[in-house]
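Report on the structure
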Amino acid sequence: MGRYNMEILQKERRVISVIVINESSVLSRITSLFAGRGYNIESLTVAPIPDSDMSHITISTNGNARTMEQITKQLHKLIPVYKVIEHEEMVEKEMLLAKFPIAENLSDISVLSAAYNGGVVNVGKEMIIVMVADEPSRIKHFIEAAQRYSPIEIVRGGTVAIER
């Protein structure tokens, strides 16, 4: 196989934004396109666009260039879809909430959170909750580093992206 063919078949992380008109079943139709081609959606966020009747859907997945091109073309054909953007140059962030036992070193947890653009958002009698917001690869590093403080629960919020 030539170099071009190997590049087409190589799966890599992709982020796609879809601007849609708010209608029922829009999300179902979009996710069906991915499922129909055997692609898992790693992260999916949906939020309304202020002062409009539209929403911004950000999809993070892994795929090869050829299949992602086909999915993008199919997304353009869906009636409630206004615009599809496969990000090249983007600012990408993900939010995470983590709950730790209060018995752990609170100052260390706070410093760790601050290193990942976060901080303490809630303290209870038996737990502390922190929030961090950073690039997805750094969120992964935060999760690895946080393991030494025995997290009770970790919830990731999904990727959001915007073109530069």
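Residues numbered from 1 in each chain as written. Predicted model: local features only at pLDDT ≥ 70, side-chain atom pairs only at ≥ 80, totals over all residues. Heavy atoms only, no water.

Regarding the overall build of the protein
What counts here: Numbered from the N terminus, helices here are DSSP runs of H or I no shorter than four residues, and strands are runs of E no shorter than two. A simple rule labels every residue: compare its accessible area, found with a 1.4 Å probe on the protein chains alone, to the largest value its type can have, and call it buried under 20%, exposed over 50%, or partly exposed in between. The Shrake-Rupley method, run with a 1.4 Å probe sphere, supplies the accessible areas, and residue values consider only the shown protein chains as cover. Think of it this way: Lys and Arg go in the positive column, Asp and Glu in the negative one, and His and the chain ends go nowhere. Charged side chains are reduced to one point each, which is NZ for Lys, CZ for Arg, CG for Asp and CD for Glu.
When helices and strands are counted, the protein shows five helices and eight strands. Seen through its C-alpha atoms, the protein measures out along the principal axes to roughly 55 × 45 × 30 Å. With 164 residues in all, the protein has 37% of them scored as buried. For the protein, the accessible area works out to roughly 9700 Å², and carbon and sulfur atoms hold 52% of it. Averaging the positions of the 18 positive and the 20 negative side-chain charges in the protein gives two centres separated by 5 Å.

Structural notes on the packing of aromatic side chains
For the record, the criterion: When the centres of two rings from Phe, Tyr and Trp lie within 6.5 Å, Trp using its six-membered ring, the rings pair. Their planes under 30 degrees apart give stacked, over 60 give edge-to-face, and anything left gives tilted.
Using the criterion set out here, one finds one aromatic pair in the structure. Aromatic pair Y116 and F142: ring centres 5.5 Å apart, planes at 70°, arrangement edge-to-face. With Y116 in the loop between α4 (106-115) and β6 (118-123) and F142 in helix α5 (residues 136-146), the pair connects residues that are 26 residues apart, well separated along the chain. For Y116, a relative accessible area of 12% translates into the label buried. By relative accessible area, F142 is classed as buried at 0%.

A closer look at the packing of helix α2 (residues 26-36) against helix α3 (residues 65-77)
Convention followed: Interaxial angle, 0 to 180 degrees, is taken between N-to-C directions of lines fitted to C-alpha atoms, where a helix line uses only the stretch in contact. Roughly parallel means an angle under 35 degrees; roughly antiparallel means over 145; roughly perpendicular covers 65 to 115; every other angle is labelled oblique. Crossing handedness follows the turn of the near helix against the far one: under a right angle anticlockwise gives a left-handed crossing, and clockwise gives a right-handed one. Any two residues whose heavy atoms approach within 4.5 Å are treated as being in contact. Residues are grouped as follows: nonpolar covers Ala, Val, Leu, Ile, Met, Phe, Trp, Tyr, Cys and Pro; charged covers Asp, Glu, Lys and Arg; every other residue, Gly included, is treated as polar.
Where α2 meets α3, the closest approach of the two axes is 10 Å, and the angle between their N-to-C directions is 155°. Classed by the angle they form, the pair α2 and α3 counts as roughly antiparallel. Of the two possible hands of crossing, α2 and α3 adopt the one that is right-handed. Residues I30, L33 and F34 of α2 touch α3, and the partners they reach there are M68, I71, Q74 and L75. Broken down by class, the residue content of the contact of α2 with α3 amounts to six nonpolar, one polar and no charged.

Section: the sheet that holds strand β3 (residues 54-63)
Put simply, the test is: Paired strands, in this sense, are two strands between which DSSP finds at least two bridges.
Strand order in this open sheet of four strands is β2-β3-β1-β4, and the pairing throughout is antiparallel. On the outer flanks of this sheet lie β2 (41-48) and β4 (81-86), each paired with one strand and no other. Each strand of the sheet is rotated relative to its neighbour by a mean of 15°, with strand direction disregarded. In this structure, β2 lies alongside β3, joined through seven bridges in antiparallel fashion. Bridge pairing links S43 to S60 in β3.

Overview of the nonpolar core
Side chains that are nonpolar tend, in soluble globular proteins, to be buried together. So the rule is basically this: Take the buried Ala, Val, Leu, Ile, Met, Phe, Trp, Tyr and Cys residues and link them wherever side-chain atoms come within 4.5 Å; each set so joined is a nonpolar core.
Residues I16, V18, V20, I30, F34, L75 and V81 are the most contacted members of the largest nonpolar core, which totals 16 residues. Residue assignment for this core shows that the elements contributing at least two residues are β1 (12-21), α2, β3, α3 and β4. Among the nonpolar cores identified, the runner-up in size contains 15 residues, and F100, Y116, I128 and V130 belong to it.

Things to note about α3
Note that an α-helix has 3.6 residues per turn; residues three or four places apart therefore point the same way. Stated precisely, the cut-off is as follows: Multiplying 1.5 Å by the helix residue count minus one yields the expected span of that helix. As used here, the arc is the angular range of directions from the helix axis to the C-beta atoms.
The end-to-end C-alpha separation of α3 is 19 Å, in line with the 18 Å expected for 13 residues at 1.5 Å each. For α3, the complete set of buried residues consists of T67, M68, I71, T72 and L75. An end-on view of α3 places all buried positions within 140° of arc, on one side of the element. Contacts made by the buried residues of α3 are with β1, α2, β3 and β4.

These values are about where atoms sit, not about what they do.
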